[in-house]
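Descriptive structure summary
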Amino acid sequence: MTRIAVIIGSTRPGRRSTAVAQWVEEAAGRHEAIKAGGATVELVDIAEFGLPLLDESVPAAFGQYANEHTKRWSEKIASFDAFVFVTPEYNRSVPAALKNAIDYLYAEWQNKSAGFVSYGVQGGTRAIDHLRVTLAEVKVADVPTAVSLPVFTDFTFENPMDPTETGRVTPGPHQEPTLFKMFDEIIAWAEALKPLRAAAAAV
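Let me begin by describing the structure that accompanies this report.

Reading the values: the criteria
- Residues numbered from 1 in each chain as written.
- Predicted model: local features only at pLDDT ≥ 70, side-chain atom pairs only at ≥ 80, totals over all residues.
- Heavy atoms only, no water.
- Helix = DSSP H or I, 4+ residues; strand = E, 2+ residues; numbered from the N terminus.
- Expected span 1.5 Å × (residues − 1).
- Buried < 20%, exposed > 50% of the residue type's maximum accessible area, 1.4 Å probe, protein only.
- Arc of directions from axis to C-beta.
- Phe/Tyr/Trp six-rings, centres within 6.5 Å; stacked < 30°, edge-to-face > 60°.
- Core = buried A, V, L, I, M, F, W, Y, C linked by side-chain atoms within 4.5 Å.
- Contact = heavy atoms within 4.5 Å.

**A short note on helix α1 (residues 17–28)**
- Between its terminal C-alpha atoms α1 stretches 16 Å, which fits the 16 Å expected from 12 residues at 1.5 Å a residue.
- For α1, every residue scored as buried is listed here: S17, V20, A21, W23, V24, A27 and A28. The buried residues of α1 all sit within an arc of 155 degrees when viewed along its axis, so they share a single face.

Below, the structure is given as structure tokens:
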């Protein structure tokens, strides 16, 4: 069974990423491999781990963690085979909290697959571009298919002029098939990388 974490990548009060991640989780329940029990999906909220700006004195590549928040984060991420990163776009890039959470670890990310669901005024695609570069450094295999949700077409707001309104995620009809294709790729790549994860665990 492939264990997939859907990582909520924003910690901002009033964030929309929780609603987007919940849509991903709900739609995943209709994906054939997940319905059949070949894969599972779990929401992981970085806000729940209380990670301060990176405060480990030893670089993550050595795996010598001193702080309890790091150890909790390490244990959680190590338990998964693959990831879906749900991210907004902040100033043409990824949220600092998500980048910080990635930087905390190294081996726990390696030889796993990942996909992306982004959102923003222009769909959040530039956040995905930056995540791909970051994750390459921790040896995550990111799949080519991604879901991009522009806030003006894939969300519904009671008051569109209120920037604090979370709104409802109302994806267009093409978005779920794209999400399913992404899950197909994530699961296939996670399975292909299983021998590398097993070899690393045996060391």
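**Structural notes on the packing of aromatic side chains**
- Within the structure shown, the criterion is met by eight aromatic pairs.
- Centre to centre, the rings of F155 and F157 are 6.1 Å apart; their planes meet at 15 degrees, and the pair counts as stacked.
- Every member of this aromatic cluster is reached through a ring pair, and the members are F49, W73, F83, F85, W109 and F116.

**Side note on the nonpolar core**
- Among the nonpolar cores identified, the biggest contains 30 residues, and W23, V24, V84, V86, V117, L149 and L179 are the most heavily contacted of them.
- Put simply, the parts of the chain that give this core at least two residues each are β1 (2–8), α1, β3 (82–88), β4 (112–120), β6 (147–150) and α6 (175–192).
- The leading source of residues in this core is α6, at seven residues.
- If we skip the residues at most four places from it in the chain, V84 touches I4, A5, V6, I7, V24, G115, V117, M182, F183 and I186.

Honestly, it's all geometry; don't read function into it.
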